[in-house]
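Structural features, examined
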Amino acid sequence: MNKDIKSLYIHIPFCENICNYCDFPKLQYFTIFVQKYLKKLEEELASYNIKDLKTIYIGGGTPTSLSDEEFKNLLDIVSKYSNDVEEYTVEANPESLSISKLQLMKKYGVNRLSIGVESTNDQILQSINRHHSFLDVIKCIENAKQIGFDNINVDLIIGLPNVTPKMLEKDIFNILSLGIQHISCYSLTVHEHTIFGMKNVKEPGGDIARELYDLVNEKLTAKGFVHYEISNWCKPDYQSKHNLTYWKNEQYYGCGLGASGYIGDLRYTNTKSINSYIDGNIVDYKEFVSLKDNEEYYILLNLRTMYGIDLSEFSRIYNKDIYKEHKEYIDECISKGILEIKNDHLICTYEGMMTLDQVIINLF
Ligand code: SF4
């Protein structure tokens, strides 16, 4: 069963500082935890029959918050699985993406970086408890390029408090000046237990969120970036192969604190408690995925991308014709410019991506 699994996600939960909006499984960096964590992670990885991977993604948290020695230890552990992978990504924060860590990554075959930039305005960065400046971003990307990295993503948050459309436009301008290949833009979501949640910070409302989103899309596509997933743009041929695994509803291993995986007909999520994880109580939640659930995941995930639903593949897997089954609704969406059918694929237009929740409810 595991022979079809080509992707591995590894979560490193440690961070130098905790950002005001953050809802990821994370904790303050303490070296004493890191040693124990890496040992348990190595055991967890060994418990799966992992081989012949195509993509590895080490995310967090902040993998680069580890000391050089700990970081090397992590890359050593992962090296058992990284032979011949096509895409090997590591997430980093600008303040800890040092030359020594870049060199280590290069040596161990990492070929894609994903850098948490979030804003290019230093005051805004301070207000969300980020501990880097835009100058740090410029410097670390220059260093990365010099060391030979040519596949770099930056993350940007849309809708942070006090960021006007003009400021967002400046963010995009600044980010484009970095000469990178991939940009992920996520709308601010305020979760109750975060600093933002406690301070009652508001997410941007529907119309404003849409205005900001349109602005990002307009500026990036004008510069040759392809909008290939709701929140992701890339230069041609620089799609994230790893993230496409998720969006194509393919299986993947997930290891580390709070990581999720999808193996066979099981989706699982690991514990978010560092003590439970270190004690070996790793998987916290398992969900059996029936064929019907699988079909819903397939629709929901594939429609997020510009590739949409492969109609022949869909009928082969689920033994049904989605177009015939929802003909009236799909035809109505096509006439409204929300959906389109191209080369045997049912695809959301930009407008469709913006109203995806509605489309999915109707297709379920
Ligand atoms: S660096 Fe990333 S994971 Fe860590 S607190 Fe900030 S947003 Fe969360």
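The sections below set out a description of the structure shown in this document. (Residues numbered from 1 in each chain as written. Predicted model: local features only at pLDDT ≥ 70, side-chain atom pairs only at ≥ 80, totals over all residues. Heavy atoms only, no water.)

Take the overall build of the protein next. A tally of regular secondary structure across the protein gives 16 helices and 17 strands. Each of the three principal axes of the protein carries a C-alpha extent, and together these read 60 × 50 × 40 Å. The burial tally for the protein puts 52% of its 364 residues in the buried class. Once the 38 positive and 51 negative side-chain charges of the protein are each reduced to a mean point, those two points are 3 Å apart. (Helix = DSSP H or I, 4+ residues; strand = E, 2+ residues; numbered from the N terminus. Buried < 20%, exposed > 50% of the residue type's maximum accessible area, 1.4 Å probe, protein only. Lys, Arg positive; Asp, Glu negative; His and termini not counted. Charge placed at Lys NZ, Arg CZ, Asp CG, Glu CD.)

Close to the ligand lie Cys15, Asn17, Ile18, Cys19, Tyr21, Cys22, Phe24, Lys26, Gly61, Thr62, Asn93 and Arg130. Looking at the shell around the ligand residue by residue, the classes come out as six nonpolar, four polar and two charged. (Near = heavy atom within 4 Å. Nonpolar A, V, L, I, M, F, W, Y, C, P; charged D, E, K, R; others polar.)

The subject of this paragraph is the side chain of His11. Mapping His11 onto the fold places it in strand E1 (residues 7-12). Only 2.7 Å separates the side chain of His11 from the side chain of Tyr9, close enough to count as a polar contact. With sequence-adjacent residues up to four places away left out, His11 is seen in contact with Pro25, Tyr37, Gly59, Gly60, Gly61, Cys255, Gly256, Leu257 and Ala259. (Polar contact = N/O pair within 3.5 Å; in protein donor to acceptor, adjacent residues only side chain to side chain. Contact = heavy atoms within 4.5 Å.)

For the pair helix H2 (residues 68-79) and helix H3 (residues 99-107), interaxial distance at closest approach is 10 Å and the crossing angle is 15°. When the interaxial angle is binned, H2 and H3 end up roughly parallel. For the element pair H2 and H3, the recorded crossing hand is right-handed. Here Asp68, Phe71, Lys72 and Leu75 of H2 come into contact with H3, specifically with Ser100, Lys101, Leu104 and Met105. Residue classes in the contact of H2 with H3 are distributed as four nonpolar, one polar and three charged. (Axes fitted to C-alpha atoms, helices over the stretch in contact; angles between N-to-C directions. Parallel < 35°, antiparallel > 145°, perpendicular 65-115°, else oblique. Left-handed = near helix turned anticlockwise from the far one by under 90°.)

This paragraph deals with the packing of aromatic side chains. What the rule picks out here adds up to 11 aromatic pairs. Members of the aromatic cluster, each reached through a chain of ring pairs, are Phe14, Tyr37 and Tyr277. If you follow Lys106 out to its NZ or CZ, it ends over the ring of Phe149, 5.1 Å from the centre. The residue whose ring lies beneath Arg267 is Tyr297, and the NZ or CZ to ring-centre distance is 3.9 Å. (Phe/Tyr/Trp six-rings, centres within 6.5 Å; stacked < 30°, edge-to-face > 60°. Lys NZ or Arg CZ within 6 Å of the ring centre and 35° of its normal.)

Our focus in this paragraph is the environment of Cys348. In this fold, Cys348 is placed in strand E17 (residues 345-348). For Cys348, a relative accessible area of 4% gives the class buried. Residues Cys348 and Ile230, spaced 118 residues apart in sequence, show a C-alpha to C-alpha distance of 9.8 Å. Apart from residues no more than four positions distant in its own chain, Cys348 is found in contact with Leu303, Ile338, Leu339, Met353 and Leu356.

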